2 protein chains.
Amino acid sequence: MQDRFLRACWRKPVDRTPAWYMRQAGRYLLEYRDARAERTVLEVAKTPKLAAEMARLPVEKLGVDAAIVFADIMIPIEAMGVSLEIREGIGPVIHKPIQETEDVARLRALDPERSLAFLTESIGLLRDSVDVPVIGFSGAPFTIASYLVEGGPSRDFAKTRALMFGKEKVWHRLMDVLSDMVATYTRFQVRAGAHAIQLFDSWVGAIAPDDYARYVAPYTRRAFAGTNGMGVPRIHFGTNTASLLEAMRAAGGEVIGIDWRIPIDEACRRLGDRVGVQGNLDPAALLAGKDVALARTGDVLARVGGRPGHIFNLGHGVLPGTAPETLAAVTEAVHAYPLPGGLA
Amino acid sequence: MQDRFLRACWRKPVDRTPAWYMRQAGRYLLEYRDARAERTVLEVAKTPKLAAEMARLPVEKLGVDAAIVFADIMIPIEAMGVSLEIREGIGPVIHKPIQETEDVARLRALDPERSLAFLTESIGLLRDSVDVPVIGFSGAPFTIASYLVEGGPSRDFAKTRALMFGKEKVWHRLMDVLSDMVATYTRFQVRAGAHAIQLFDSWVGAIAPDDYARYVAPYTRRAFAGTNGMGVPRIHFGTNTASLLEAMRAAGGEVIGIDWRIPIDEACRRLGDRVGVQGNLDPAALLAGKDVALARTGDVLARVGGRPGHIFNLGHGVLPGTAPETLAAVTEAVHAYPLPGGLA
């Protein structure tokens with residue numbers, strides 16, 4: 001297996017900077033749009049051959065150094081008995097948002113062997129079809145909780161914070177349940193063959209540092225504990241995290257994923273030498289054409305300056321409308337960037 | 001006039017910490033909901049007696065130390081000839097978003113004396129009806145541009161950044177026009193009697209520091225220049241600005257407004273002694289009941305510790321569903337907080 005992604009996760013020397021992209025198997029790919037023409041995203045995820053093929057495609061088309069399991073962060077939530085749908089152009093919609101302890105009590109413990117066997121199969125197929133590591137993933141407890149409380153995507157996450165502050169017992173009970181779920185779910189993916197895990201705490205930037213320490217970090221830590229000692233690196237990703245970087249590092253993960261709002265050299269400096277850093281090209285740069293994308297890619301690489309433990313990625317998911325050729329050119333540029341002691 | 005708000009803006013000693021709230025004349029007030037029952041927000045804004053009354057109400061009901069003109073950041077945009085509406089529960093919707101130089105060319109220069117005479121009248125009425133300073137306001141060029149480019153509110157502002165990066169000439173032309181407009185519009189409000197100005201760059205936290213420096217700061221500076229030398233303090237507000245604080249200070253304003261994501265003591269330290277700081281109670285704390293709101297208010301005040309130049313406010317607008325009594329209790333607690341040399 002071509003393992004420069006894993007080596008970088010462990011901050012070992014690599015021949016070239018590894019690259020992969022969040023949502024690299026997404027709407028910007030024609031093949032994905034075809035697969036989705038008559039299927040929901042959850043249907044694709046539950047069809048192992050199709051899911052594995054979607055996850056394999058970007059490895060072939062873009063030359064990326066890791067494949068990510070094709071799934072949705074709502075997959076385990078649905079398996080806990082939550083009625084939901086992924087609405088086109090909107091995102092997850094939870095039919096009965098969580099407000100009270102009884103709502104939390106109705107969440108079933110996740111039994112992935114029973115309810116998510118399709119994932120074992122899709123991870124197995126994916127492993128067999130690519131020569132790069134396979135990344136499993138989950139939403140982090142806060143981000144999942146925000147969907148459950150808001151009832152769907154939000155711009156301000158005010159309901160989530162109001163419940164957190166005003167109904168502390170409900171919040172802590174919900175986070176208890178979700179951190180156990182994430183621990184179970186990620187352990188399950190590693191047993192199924194995932195070589196690494198990413199926790200998406202995509203919306204955690206909505207809260208203040210003190211609230212993070214009190215209402216989030218203990219649960220993120222518990223979620224990470226699920227895969228402690230399994231020998232797989234874990235990536236801890238969030239957006240809008242300029243006030244939270246050090247606290248996120250302390251909460252767990254061998255690699256911290258950042259968005260484009262923090263210059264990556266500053267993130268490297270603040271995070272120090274004991275974790276890797278993933279990021280942080282602005283996904284909007286890819287919509288602005290190849291020249292812009294390449295110039296900005298060069299800037300990210302120069303700022304990192306060959307520091308061990310860099311995984312090149314975007315600051316968030318690939319946007320629909322991105323040209324696959326632009327993303328392939330970016331990958332090529334990342335691989336061509338000369339590293340101290342590297343091949344290029 | 002009771003002027004502790006203005007004194008704090010200029011970092012002079014005050015008897016009590018001044019407080020006001022963004023969107024203090026909003027949906028959380030019964031009287032506002034009544035006024036809006038059969039009118040759009042733009043209709044209320046264009047009816048001077050009603051607009052002045054809406055702006056006066058929170059001074060009476062909450063005991064705040066400043067009134068803010070009742071208007072909408074889309075008011076001057078509409079007056080530039082842009083077809084738009086404020087859609088209920090969504091926000092501004094621009095019927096023909098800006099994409100090309102021709103779209104920018106169609107924007108008319110703002111002639112506020114001609115098209116916004118109702119504001120002169122409403123500011124005059126408001127001045128006569130309250131004993132506290134009147135704050136005029138405008139969107140900052142970036143935030144207005146984001147609405148014009150996205151066509152409405154956005155979660156990721158990807159179209160805005162893609163245009164900024166990929167069609168630089170269009171972006172710079174648009175920001176030229178908007179910064180002149182904001183300069184004209186705020187100058188007009190000061191001439192009409194506003195004692196202070198707030199620029200809302202609410203969504204500027206969507207971009208990286210380097211992009212802020214290149215694509216935003218020069219225009220924000222030009223917008224502020226419109227009221228240079230007029231003797232009114234200017235507040236420069238944004239959310240998600242943990243990576244941008246120092247750059248925002250450099251771009252202008254006697255006071256920097258922050259959201260709840262940055263601890264206010266850290267913001268004070270980073271901003272230094274030459275600007276005031278406004279903020280930063282999490283508006284969601286007000287939805288969590290009086291005890292939570294008061295405890296968190298105490299925390300904000302303790303962190304500031306009586307530093308000159310603090311204006312108490314929320315980190316963003318008052319949320320619908322907030323109890324006016326909670327907000328009144330918060331105001332009372334702010335006023336009761338003992339200041340070095342103060343009355344309390």
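All chains use their own residue numbering, which begins from 1 and follows the written sequence. Chain labels run from A onward and ligand labels from 1 onward, assigned in the order the entries are written. Per-residue local features are limited, in this predicted model, to residues with pLDDT of at least 70; the limit for side-chain atom pairs, both in listing and counting, is 80 or more; totals at the level of whole chains, interfaces and linings are taken over all residues. Side-chain figures throughout are based on the complete set of non-hydrogen atoms in the structure, without hydrogens or water.

**Things to note about the overall build of chain A**
Think of it this way: any DSSP run of H or I at least four residues long counts as a helix, any run of E at least two long counts as a strand, and we number them from the N terminus. In terms of regular secondary structure, chain A is built from 16 helices and nine strands. In this description the radius of gyration comes from C-alpha coordinates, and the expected globular size is given by 2.2 Å times residues to the power 0.38. A compact globule built from 344 residues should have a C-alpha radius of gyration of about 20 Å, and chain A, at 19 Å, falls within 12% of that. By its C-alpha atoms, chain A is 60 × 45 × 40 Å across when sized along the principal axes. Each accessible area value is a Shrake-Rupley result obtained with a 1.4 Å probe; residue values ignore everything except the protein chains displayed when judging cover. Total accessible area on chain A stands at roughly 12300 Å², and carbon and sulfur atoms take up 50% of it. Just so you know, the count uses Lys and Arg for positive and Asp and Glu for negative, and it drops His and the chain ends. To locate a charge, take atom NZ for lysine, CZ for arginine, CG for aspartate or CD for glutamate. Within chain A, one finds 41 positive and 40 negative side-chain charges whose respective centroids are separated by 3 Å.

**Some thoughts on the interface of chain A and chain B**
The contact rule is simple, with two residues in contact once any of their heavy atoms fall within 4.5 Å. Residue-level contacts link 36 residues of chain A with 36 residues of chain B. Accessible surface is computed with a 1.4 Å probe, and the buried area is the amount of it that two parts give up when combined, taken over both parts together. Counting the surface lost from both chain A and chain B, the interface buries some 2700 Å², and carbon and sulfur atoms represent 50% of this. Contact with chain B buries area across many residues of chain A, yet A:Arg155, A:Phe165 and A:Arg261 alone supply 23% of it, more than any other trio. The salt bridge definition used is simple: a Lys or Arg side-chain nitrogen within 4 Å of an Asp or Glu carboxyl oxygen. Across the contact surface, chain A and chain B share six salt bridges.

**Looking at the packing of helix 11 (residues 168–192) of chain B against helix 12 (residues 209–225) of chain B**
Residues and elements named next belong to chain B. The interhelical angle for the contact between helix 11 and helix 12, taken along N-to-C directions, is 25°, at an axis separation of 8 Å. Between helix 11 and helix 12, the angle falls in the class roughly parallel. Judged by the sense of rotation from one axis to the other, the crossing of helix 11 with helix 12 is right-handed. Where helix 11 abuts helix 12, its residues Glu168, Trp171, His172, Met175, Asp176, Ser179, Asp180, Val182, Ala183 and Thr186 lie against Arg214, Tyr215, Val216, Tyr219, Arg222 and Ala223. Only the contacting stretch of a helix is used when fitting its axis, a line to C-alpha atoms as for every element, and angles between N-to-C directions run 0 to 180 degrees. Angles are sorted into four bins: roughly parallel if under 35 degrees, roughly antiparallel if over 145, roughly perpendicular if 65 to 115, and oblique for all others. Each helix crossing is assigned a hand: it is left-handed if the near helix lies turned anticlockwise from the far helix by less than a right angle, otherwise right-handed if that turn is clockwise.

**Section: the sheet that holds strand 5 (residues 196–201) of chain B**
Strands in a sheet are paired, the pairing made by backbone hydrogen bonds, and the direction either parallel or antiparallel. Read across the sheet, seven strands follow the order 1-4-5-6-7-8-9 (chain B) without closing on themselves; strand pairing throughout is parallel. A strand with exactly one partner marks an edge of an open sheet, and here the two such strands are strand 1 (67–68) and strand 9 (310–314) of chain B. Paired strands are those between which DSSP finds at least two bridges.

**Considering the packing of aromatic side chains**
All names here are of chain A. Aromatic pairs are defined between Phe, Tyr and Trp rings, using the six-membered ring for Trp, whenever the two ring centres lie within 6.5 Å; interplanar angles under 30 degrees are classed as stacked, those over 60 as edge-to-face, and all others as tilted. By the definition in use, this model includes 14 aromatic pairs over all chains. With a centroid separation of 5.7 Å and an interplanar angle of 75°, the aromatic rings of Phe200 and Phe237 are classed as edge-to-face. Of this pair, Phe200 sits in strand 5 (residues 196–201) while Phe237 sits in strand 6 (residues 234–238), placing them 37 residues apart in sequence. Judged by its relative accessible area of 14%, Phe200 falls in the buried class. Between buried and exposed lies partly exposed: a residue is buried under 20% and exposed over 50% of the maximum accessible area for its type, with that area taken using a 1.4 Å probe on protein chains only. The exposure class of Phe237 is buried, given its relative accessible area of 0%.

**Observations concerning the sheet that holds strand 7 (residues 255–257) of chain A**
Residue and element names in this part refer to chain A. Pairing within the open sheet is parallel, and its seven strands lie in the order 1-4-5-6-7-8-9. At either end of the open sheet lies a strand with only one pairing partner, and these are strand 1 (67–68) and strand 9 (310–314). Where strand 8 (residues 276–281) and strand 9 come together, five bridges link them in parallel fashion. Residue pairing for strand 9: Gln278 is matched across the bridge by Ile311. Along the sheet face, helix 11 (residues 168–191) touches strand 4 (134–139) and strand 5 and points at about 165° away from the line of strand 4.

**A short note on the relation of the copies chain A and chain B**
A least-squares fit on C-alpha atoms brings the copies together, and the residues used are those whose pLDDT is at least 70 in both copies. For the pair chain A and chain B, the relating rotation is 180°, the translation along its axis is 0.0 Å, and the fit reaches an RMSD of 0.0 Å. Considering both components of the superposition, the chain copies are consistent with a two-fold axis. The fraction of interface residues of chain A whose copies in chain B are also interface residues reaches 100%, indicating that both copies meet through the same surface.

**So, the side chain of A:Gln189**
One can find A:Gln189 in helix 11. Not counting the four nearest positions on each side in its chain, A:Gln189 is found in contact with A:Val69, A:Ile123, A:Gly136, A:Phe137, A:Ala194 and A:Ile197.

**Comments concerning unusual backbone geometry**
Residues and elements named next belong to chain A. Along the chain, Gly279 connects to Asn280 via a cis peptide bond; the corresponding omega equals -10°. Looking at the element boundaries, Asn280 is found in strand 8. You will see that Asn240, though not glycine, has its phi angle at about 60°, which is positive. Among the secondary structure elements, Asn240 is positioned in the loop between strand 6 and helix 13 (245–251).

**Focus: the state of the cysteines**
Residues and elements named next belong to chain A. Any two cysteine sulfur atoms lying within 2.5 Å of each other are counted as a disulfide. All chains considered together, the criterion is met by zero disulfides over all chains. For Cys268, which is in no disulfide, the shortest distance to another cysteine sulfur is to Cys9 and amounts to 14 Å. For Cys268, a relative accessible area of 9% translates into the label buried.

**As for the pairing of strand 3 (residues 91–94) of chain B**
Residue and element names in this part refer to chain B. Looking at chain direction, strand 2 (residues 84–87) and strand 3 are connected through four bridges and run antiparallel. By the bridge assignment, Ile86 is partnered in strand 3 with Pro92. Two successive antiparallel strands, strand 2 and strand 3, enclose a turn made up of three residues, where Gly89 displays a positive phi of approximately 75°.

**With respect to helix 14 (residues 264–271) of chain A**
Taken as a whole, helix 14 of chain A has its buried residues at A:Ile264, A:Ala267, A:Cys268, A:Arg270 and A:Leu271. Directly beyond the C-terminal end of helix 14 of chain A, a positive phi value near 80° is found at A:Gly272.

**Some words on the environment of B:Gly298**
Residue and element names in this part refer to chain B. Residue position: Gly298 is located in helix 15 (residues 290–304). Residue Gly298 is classed as partly exposed on the basis of its relative accessible area, which comes to 32%. A sequence separation of 39 residues divides Gly298 from Tyr337, and the C-alpha atoms of the two residues are 8.2 Å apart.

**Describing the side chain of A:Thr227**
Residue and element names in this part refer to chain A. Of note, Thr227 is situated in the loop between helix 12 (209–225) and strand 6. Assessed through its relative accessible area of 2%, Thr227 is described here as buried. Side chain to side chain, Thr227 and Arg234 meet in a polar contact 2.9 Å long. Dropping the residues within four chain positions of it, Thr227 is found in contact with Thr186, Arg187, Val190, Ile197, Val232 and Arg234. We define a polar contact as two N or O atoms separated by no more than 3.5 Å, with the added condition that, inside protein, one atom must be a possible hydrogen donor and the other a possible acceptor, whereas residues neighbouring each other in sequence contribute only through side-chain atom pairs.

**Here we look at the confidence of the model for chain A**
Residue-level confidence of the predictor is what pLDDT reports, using numbers from 0 through 100. For chain A, the average pLDDT comes to 97, and 99% of its residues sit at 70 or higher. Listed scores for the predicted complex are pTM 0.97 and ipTM 0.95.

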